[in-house]
Amino acid sequence: MPEYQVLLFYKYIDIDAPEELAVRVRELASELGLTGRVIVAQEGINATLEGKVEDTEVFVESFLADERFADVQVKRSAGTGKSFPNLKVKVRDEIVGTGFSQEEADPRVSTAPRISPEELRSWYEEDKDFVVIDMRNNYEFASGHFKNAVEPGISSSRHLPLVVDKLASLKEKKVVTVCTGGVRCEKMAAYLLHKGFKDVQQLDGGIHSYMEKYPGKDFLGTLYTFDQRLTMDFGGEREVIGKCRRCGAASEAYADCAEQSCHLHFIACVDCRDENGDVYCSEACAAELVL
């Protein structure tokens with residue numbers, strides 16, 4: 001059993017006093033020595049926390065004792081004790097930065113129905129006619145994604161309205177939205193329904209829940225994480241599908257462009273890095289030119 005554990009959870013729910021909830025979560029997490037990121041807004045809470053297993057379980061027990069969050073699905077994965085440098089609890093306008101208006105997408109009011117990992121697995125086995133739309137950022141998609149998944153080509157959740165017209169051919173198809181833990185694809189599924197998509201479902205618990213139950217099945221590669229682990233391997237037989245941006249070699253190692261004005265996040269193999277581990281995303285950046 002690992003010594004450390006990472007918790008991932010969210011819920012869209014009306015919160016009348018987000019500042020008060022943020023204080024309570026911060027105090028509890030601090031008392032237990034947890035690190036990570038928590039966002040609280042009037043529309044809900046979104047959190048990723050790490051700590052020793054016993055401390056994270058105390059947090060879960062206390063947090064779920066609040067009847068507002070008793071039904072929250074908490075995802076657990078092995079931690080390193082170094083996944084986050086500190087604890088940050090913020091109050092924001094949204095728990096996912098989409099910029100959507102409440103009329104465009106408000107999961108508290110209406111969202112797409114959920115499909116379980118078990119049902120999605122059966123769809124793959126039956127070769128059912130459906131399309132997975134991956135609502136994560138393009139650099140997350142690069143190291144791992146579902147078979148035949150559609151990548152909208154966004155580098156931020158706020159960019160979905162800029163590319164939604166490119167997805168128009170899927171409006172009459174059976175669509176499943178996916179993301180890491182569910183929080184993004186829930187709101188984005190609601191947005192697709194608002195834009196006229198007819199048959200939209202969201203993967204319950206996100207890719208994380210699917211890979212826990214079916215490691216090495218249907219999801220190709222590895223799962224990107226927004227912490228110092230960067231990727232998460234759930235086991236099972238799988239191939240490395242990530243490719244080094246510079247040479248095209250198979251890799252799942254991420255880097256930030258060494259050109260400070262660029263700082264692009266991308267996959268870069270060991271052979272393409274210098275002795276300090278630095279790498280440029282392009283020859284232009286290596287020449288200190290901004291693309």
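For the structure, see preceding data.
Residues numbered from 1 in each chain as written. Predicted model: local features only at pLDDT ≥ 70, side-chain atom pairs only at ≥ 80, totals over all residues. Heavy atoms only, no water.

Enquirer: Explain the environment of Phe 197 to me, please; I cannot follow it from the model alone.
Expert: Note that Phe 197 resides in the loop between α6 (183-194) and β10 (199-203). By relative accessible area, Phe 197 is classed as buried at 3%. As a C-alpha pair, Phe 197 and His 145 span 52 residues in sequence and 22 Å in three-dimensional space. Each residue touching Phe 197, except ones within four places of it in the same chain, is listed here: Val 164, Leu 167, Leu 170, Lys 171 and Leu 192. (Helix = DSSP H or I, 4+ residues; strand = E, 2+ residues; numbered from the N terminus. Buried < 20%, exposed > 50% of the residue type's maximum accessible area, 1.4 Å probe, protein only. Contact = heavy atoms within 4.5 Å.)

Enquirer: I would appreciate a short explanation of the state of the cysteines in the present structure.
Expert: Here is the idea: a disulfide is a covalent bond, and it sits between the sulfur atoms of two cysteines. If you walk through the whole model with that rule in mind, you get zero disulfides. Take Cys 262: it sits in no disulfide, and the sulfur closest to it among the cysteines is that of Cys 285, at 3.7 Å. The cysteine Cys 269 is free of any disulfide, with Cys 247 supplying the nearest cysteine sulfur at 3.6 Å. (Disulfide = S-S within 2.5 Å.)

Enquirer: When you look at the pairing of strand β4 (residues 75-78) in this model, what are you seeing that I'm missing?
Expert: Side-chain direction in a regular strand flips from residue to residue, so the side chains alternate between the two faces of the sheet. In β4, alternate side chains face the same way, and those of Lys 75 and Ser 77 are buried while those of Arg 76 and Ala 78 on the opposite face are not. Sheet analysis places strand β1 (residues 4-12) next to β4, joined by four bridges and oriented antiparallel. Across the sheet, the residue bridging to Gln 5 is Ala 78, located in β4. (Pairing = 2+ DSSP bridges.)

Enquirer: Would you explain a positive patch on the surface in this entry?
Expert: Taken together, the side chains of Arg 26, Arg 37, Lys 88, Lys 90 and Arg 92 present a region of like positive charge at the surface. Inspection of the secondary structure assignment puts Arg 92 in the loop between β5 (87-91) and β6 (114-115). (Patch = residues over 30% accessible without salt bridge, like charges linked within 9 Å, V, L, I, M, F, W, Y side chains within 5 Å. Areas by Shrake-Rupley, 256 points an atom, 1.4 Å probe, with all protein chains shown as cover. Salt bridge = Lys/Arg side-chain N within 4 Å of Asp/Glu carboxyl O. Lys, Arg positive; Asp, Glu negative; His and termini not counted. Charge placed at Lys NZ, Arg CZ, Asp CG, Glu CD.)

Enquirer: Just checking my understanding: could you explain helix α1 (residues 18-31) for this structure?
Expert: An α-helix turns once per 3.6 residues; consequently, residues spaced three or four apart project the same way. Look at α1: 20 Å from first C-alpha to last across 14 residues, which is about the 20 Å you get at 1.5 Å a residue. By the burial criterion, the buried members of α1 are Pro 18, Leu 21, Ala 22, Val 25, Leu 28 and Ala 29. The buried residues of α1 occupy an angular sector of 140 degrees when projected down its axis, which confines them to one face. Opposite the buried face of α1, at more than 90 degrees from it, the exposed residues are Glu 20, Glu 27 and Glu 31. (Expected span 1.5 Å × (residues − 1). Arc of directions from axis to C-beta.)

Enquirer: For this particular structure, what's the right way to read the pairing of β1?
Expert: For β1, the tally of buried residues reaches eight of nine residues, placing the bulk of the element in the interior. In terms of strand pairing, β1 meets strand β3 (residues 44-52) through nine bridges, oriented antiparallel. In the strand pairing of β3, Tyr 4 is matched with Lys 52.

Enquirer: Just to check I follow, could you spell out the sheet that holds β6 for this structure?
Expert: The pairing of strands in a sheet comes from backbone hydrogen bonds and takes either a parallel or an antiparallel form. Spatially, the four strands line up as an open sheet ordered β6-β10-β9-β7, and their pairing is parallel. The open sheet is flanked by β6 and β7 (131-134), the only strands paired with a single partner. Here β7 pairs with strand β9 (residues 174-178) via four bridges, running parallel. From the neighbouring strand, Ile 133 faces β9, where its bridge partner is Thr 177.

Enquirer: Is there a simple way to think about the environment of Arg 26 in this case?
Expert: One can find Arg 26 in helix α1. Once the C-alpha coordinates of Arg 26 and Leu 87 are considered, the two residues, 61 residues apart in sequence, prove to be 8.0 Å apart. Not counting residues within four places of it along the chain, the set of residues in contact with Arg 26 comprises Leu 87 and Val 89.

Enquirer: Is there a simple way to think about the packing of α1 against helix α2 (residues 53-64) in this case?
Expert: Packed helix pairs are characterised by how far apart their axes lie and by the angle those axes make with each other. As a packed pair, α1 and α2 sit with axes 10 Å apart at the nearest point and diverge in direction by 155 degrees. Taken as axis vectors, α1 and α2 run roughly antiparallel relative to one another. Note that α1 runs across α2; the crossing there is right-handed. Packed against α1, whose contacting residues are Arg 24, Val 25, Leu 28 and Ala 29, the element α2 presents Phe 59, Ser 62 and Phe 63 at the interface. Of the residues assigned to the contact of α1 with α2, the class counts are five nonpolar, one polar and one charged. (Axes fitted to C-alpha atoms, helices over the stretch in contact; angles between N-to-C directions. Parallel < 35°, antiparallel > 145°, perpendicular 65-115°, else oblique. Left-handed = near helix turned anticlockwise from the far one by under 90°. Nonpolar A, V, L, I, M, F, W, Y, C, P; charged D, E, K, R; others polar.)

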